[in-house]
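Chain by chain, the residues:
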Amino acid sequence: MTQESPLKGLKVIELARILAGPWIGQTLADLGADVVKVEAPEGDDTRRWGPPFFERPLKDGNTETVAAYFHSANRGKRSVTCDFSDPDALAKLKEMIAEADVLIENFKVGGLRKFGLDYDSIAQINPRLVYASVTGFGQTGPRAKQPGYDFLMQGMSGIMHLTGDADGEPQKVGVAWIDLFTGLYGVIGIQAALAERERSGMGQHVDMSLLDCGIGVLANQGASHLLGGTQPKRMGNAHPSIVPYQVFPCADGHFIIACGNDRQFSALCGALGLDGLDSDPRFATNPARVENREDICQRISTVTTRHDKSDLIERLELAGVPVGPINTIPEALSEPQVVERELRIAPEGIAGIRTPITFSRSVLATDRAAPALGQDD
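Now for a look at the structure at hand. (Residues numbered from 1 in each chain as written. Predicted model: local features only at pLDDT ≥ 70, side-chain atom pairs only at ≥ 80, totals over all residues. Heavy atoms only, no water.)

### Quick look at the overall build of the protein
- A tally of regular secondary structure across the protein gives 15 helices and 13 strands.
- Based on the C-alpha atoms only, the size of the protein along its principal axes is roughly 80 × 50 × 45 Å.
- Counting over 377 residues, the protein shows a buried share of 43%.
- Relative to all contacts within the protein whose residues are 6 or more apart in sequence, the contacts with residues 24 or more apart total 66%.
- Total accessible area on the protein is roughly 19800 Å²; 53% of this is exposed by carbon and sulfur atoms.
- Separation of charge centres in the protein, based on 37 positive and 49 negative side chains, amounts to 3 Å. (Helix = DSSP H or I, 4+ residues; strand = E, 2+ residues; numbered from the N terminus. Buried < 20%, exposed > 50% of the residue type's maximum accessible area, 1.4 Å probe, protein only. Contact = heavy atoms within 4.5 Å. Areas by Shrake-Rupley, 256 points an atom, 1.4 Å probe, with all protein chains shown as cover. Lys, Arg positive; Asp, Glu negative; His and termini not counted. Charge placed at Lys NZ, Arg CZ, Asp CG, Glu CD.)

In structure tokens, the structure reads:
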């Protein structure tokens, strides 16, 4: 039996640029959907967000130089250009949308209405369409018409208040964290709407907000405030509720110990020669260790600073203690586990990272690189 991708046959129109919307499109493309990226004549902004840039030959003998950023979020798509102010081009686009299953857009609220591309207008020509909008603040609320960017949302959502050294300035996450979460939640919302369409026969509007998603993934930190009445704060690499669960120094740098329970802590003590600490009432349970965080972490650091990282990791892994290095990006992509799982791909010779989903029967569709601008006009 020939293996197929799960979303083969799904027709998607992407009127999105930058990251959150295109991340939805790329994920759907990896899952097998036919995604047509509709770009302005000048192309997605991220085609120019560099350096670094990547140059590749085109079928007509010319070359195209595009930022690596664009390649990271647009694999597997087709590209057509459309000037919305051109009546003929707009009519052709609407013909494509009339036959689509999904539309993704990230224009400002109301920005597509004058072209008849808003949800209410499009639903008249394709009532089965699942129409996903990605905006900074959503379609409703006092900020709905304001522009939104990942960096701003990291600040507004509270995650920057929690990230960074305790005595340092707030820090953003090293990738556009909320954009990416919004992209993934967008895929979930679209797939849920498609499943509901199987029952009702009708499409619907999926309203994705960067701020909503940033708030939605506050997880234990949000619950700590809502249920515990606390105000979570920056703690650097320490965990607010688990000890030891942080970065520790060693003779040649730093590494991570992540003990999630008392059994692992006991194994840590045995492996580091900290005999008796696991039965000391000050450290025997996790709540006690949280209470005496500074004391126990100092005792562990005193031992780890005497040994090399590789020796510590090997010793603690053998003892069953969760432990690991702090890799650079090249080190992470060369990690044997990452290589074995084939996360690195190179469709059409252009390196990338696949959607991290593995099926028992189905396959991902990762044989197409990001498209040249207008290559499918």
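### Topic: the nonpolar core
- Core analysis: the largest hydrophobic core is formed by 32 residues, its most contacted members being V12, L28, V102, I104 and I190.
- Sorting the residues of this core by element identifies α1 (20–30), β6 (102–105), β7 (130–135), α7 (177–200), β8 (205–209) and α8 (210–216) as the ones contributing at least two each.
- When residues of this core are assigned to their parent elements, the largest contribution, 6 residues, is made by α7.
- Contact partners of I104, with chain neighbours within four places excluded, come to V12, I13, E14, L15, A16, G21, I24, G25, L28, A132 and I190.
- Listed in part, the 23 residues of the second largest apolar core include F248, L268, I313 and V323. (Core = buried A, V, L, I, M, F, W, Y, C linked by side-chain atoms within 4.5 Å.)

### Considerations on the packing of aromatic side chains
- Under the criterion given, the structure shown has 5 aromatic pairs.
- The interplanar angle of 70° and the centroid separation of 5.5 Å between the aromatic rings of Y119 and Y131 together place this pair among those described as edge-to-face. Here Y131 lies in strand β7 and Y119 lies in helix α4 (residues 119–125), a separation of 12 residues in the sequence.
- Residue Y119 is classed as buried on the basis of its relative accessible area, which comes to 18%. (Phe/Tyr/Trp six-rings, centres within 6.5 Å; stacked < 30°, edge-to-face > 60°.)

### Remarks on the layout of surface pockets
- Computed from the structure, the largest pocket encloses a volume of approximately 1300 Å³.
- Lining the largest pocket are 40 residues, with W23, Q26, S72, L180 and I353 positioned closest to its centre.
- The element contributing the most residues to the lining of the largest pocket is α7, with 6 residues.
- Along the lines of polarity and charge, the residues of the lining of the largest pocket split into 29 nonpolar, 7 polar and 4 charged.
- Volume-wise, the second largest pocket comes out at about 610 Å³.
- Forming the boundary of the second largest pocket are 31 residues, of which I18, N106, G148, Y149 and L210 lie nearest the centre.
- Elements that contribute at least two residues to the lining of the second largest pocket include exactly β7 and α5 (150–157).
- Tallying contributions element by element places α5 first for the lining of the second largest pocket, with 3 residues.
- Looking at the lining of the second largest pocket residue by residue, the class counts come to 17 nonpolar, 8 polar and 6 charged. (1 Å grid on protein atoms, 1.4 Å probe; cavity = no way out; pocket = protein on both sides within 12 Å on 5 of 7 lines; lining within 4 Å. Points joined across faces, edges and corners; volume = space filled by probe spheres on them. Nonpolar A, V, L, I, M, F, W, Y, C, P; charged D, E, K, R; others polar.)

### A word on the environment of V321
- Positionally, V321 belongs in the loop between α13 (309–318) and β11 (323–324).
- Owing to a relative accessible area of 4%, V321 belongs among the buried residues under this scheme.
- C-alpha separation for the pair V321 and L7, spaced 314 residues apart in sequence, amounts to 40 Å.

### Remarks on empty space enclosed by the protein
- Applying the stated criterion across every chain, the model contains 1 cavity of 30 Å³ or more.
- Looking at the lining of the largest cavity residue by residue, the class counts come to 5 nonpolar, 2 polar and 1 charged.

### Looking at the sheet that holds strand β10 (residues 253–258)
- If you trace the 3 strands from one edge of the open sheet to the other, you get β9-β10-β11, paired in antiparallel fashion. Single-partner strands in this sheet number two, and they are β9 (245–250) and β11.
- Where helix α12 (residues 293–304) meets the sheet, it contacts β9 and β10, and its direction lies at approximately 35° from that of β9. (Pairing = 2+ DSSP bridges. Axes fitted to C-alpha atoms, helices over the stretch in contact; angles between N-to-C directions.)

### Some thoughts on the packing of α5 against α7
- The N-to-C vectors of α5 and α7 enclose an angle of 95°; their axes lie 7 Å apart at closest approach. Classified by the interaxial angle, the pair formed by α5 and α7 is roughly perpendicular. In this structure, α5 uses D150, M153, Q154 and S157 to contact α7, whose residues at the interface are W177, I178 and D179.
- Partitioning the contact of α5 with α7 into residue classes produces 3 nonpolar, 2 polar and 2 charged. (Parallel < 35°, antiparallel > 145°, perpendicular 65-115°, else oblique.)

### Focus: the side chain of E105
- Structurally, the position occupied by E105 is in strand β6.
- No salt bridge forms around the buried E105; measuring N to O, its nearest opposite-charge neighbour R17 is 6.1 Å away.
- Here the side chain of E105 touches F107 through a polar contact of 2.8 Å, landing on its backbone nitrogen.
- At 2.5 Å, the side chain of E105 forms a polar contact with the side chain of S133.
- The contact partners of E105, leaving out residues within four places of it in the chain, are L15, A16, L112, Y131, A132, S133 and V134. (Salt bridge = Lys/Arg side-chain N within 4 Å of Asp/Glu carboxyl O. Polar contact = N/O pair within 3.5 Å; in protein donor to acceptor, adjacent residues only side chain to side chain.)

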